[in-house]
Amino acid sequence: MSRLLYIRHGQASYGQANYDQLSPLGYAQATSLGSYLLRQEQKFDAIYVGPLQRHHQTLEMVQEEYAKAGVELPPPVEMAELVEHRGPQVLKELLPRLRHRDKQIDIWQSEIEADITLKVKNGLLIFDRAMALWAQGELDDIHPKEYAKWPAFRTMVEQGLERVISEHSDQKGQHIGMFTSGGTIAATIGRTLQMADHARVISLNGIVQNASMTEILFSNHRITLKSFNRVPHLSDDQLTYV
């Protein structure tokens, strides 16, 4: 069987004006990842990378580690289906209305306004709760028209997965790198495990670690999850989720 190695980007710039930029820790995580893959003699027959800056920056750090050792990687192919979902944008636009609709979200947001040190902690709580509502279609009546809904995002991710498998299914033992985001990995796991519950699938998004590896085996006839969310290359002080 061949395998897809899904890699989540390193830590981005959470809370900054431009989130789509690796933080200093994110660069260190990506470098550690590249060094680990090199030590493991991980080969890649093909590499696909999402369109976001943090996807490319993570890949670049891996490429640098391989280049230092004189190992050339195949040229990456940018793939639109590896983009992240637009849940954060939906939440940002709908938050004032969500506070009226959901008491717990209003409480968490009020606590942030009273104590700014709770911004990260409560912000993540709000995000997880809002994403569950979003994925289950409970925000459809107020959903911004310019953003794709979660089921449409899942469909796009699945189509991308099927396209890659189709392009490589005639060759056995392929090793393919997929540089992407947590939501995309969650949707891919949902497809691999045939999970119908949208809320359960999107909840995986919150536990996908930065610079983590998720491995999927595939052949003409099936896809199988081999491992999820592995970070053997990171020290305890490098573990992050956003």
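To start, this report covers the structure provided alongside it.

### Section: the environment of His9
Part 1 of the argument: In this fold, His9 is placed in the loop between strand E1 (2–8) and helix H1 (24–39).
Part 2 of the argument: His9 sits in the buried class, given a relative accessible area of 2%.
Part 3 of the argument: Sequence separation between His9 and Ser181 is 172 residues; the distance between their C-alpha atoms is 6.0 Å.
Part 4 of the argument: When near neighbours in sequence (up to four residues on either side) are disregarded, His9 contacts Tyr19, Arg54, His55, Thr58, Thr180, Ser181, Asn210 and Ala211.

### Looking at the sheet that holds strand E4 (residues 175–180)
Part 1 of the argument: An order of E3-E2-E4-E1-E5-E6 is seen for the six strands of this open sheet, with the pairing classed as mixed. Pairing within the sheet leaves two strands with one partner each, and these edge strands are strand E3 (77–78) and strand E6 (223–230).
Part 2 of the argument: Pairing analysis gives six bridges linking E1 to strand E5 (residues 213–218), with the strands arranged antiparallel. From the neighbouring strand, Ser2 faces E5, where its bridge partner is Phe218.
Part 3 of the argument: On top of the sheet, helix H2 (residues 53–68) reaches E1, strand E2 (46–49), E3 and E4; it is set at about 135° to E4, its chief contact.

### Concerning the pairing of E5
Part 1 of the argument: Burial within E5 is extensive, with five of its six residues counted as buried.
Part 2 of the argument: In this structure, E5 lies alongside E6, joined through five bridges in antiparallel fashion. Looking at the pairing, Leu217 lines up with Thr224 of E6.
Part 3 of the argument: Once E5 ends, the chain turns through four residues before running back antiparallel as E6.

What counts and what doesn't
- Residues numbered from 1 in each chain as written.
- Predicted model: local features only at pLDDT ≥ 70, side-chain atom pairs only at ≥ 80, totals over all residues.
- Heavy atoms only, no water.
- Helix = DSSP H or I, 4+ residues; strand = E, 2+ residues; numbered from the N terminus.
- Buried < 20%, exposed > 50% of the residue type's maximum accessible area, 1.4 Å probe, protein only.
- Contact = heavy atoms within 4.5 Å.
- Pairing = 2+ DSSP bridges.
- Axes fitted to C-alpha atoms, helices over the stretch in contact; angles between N-to-C directions.

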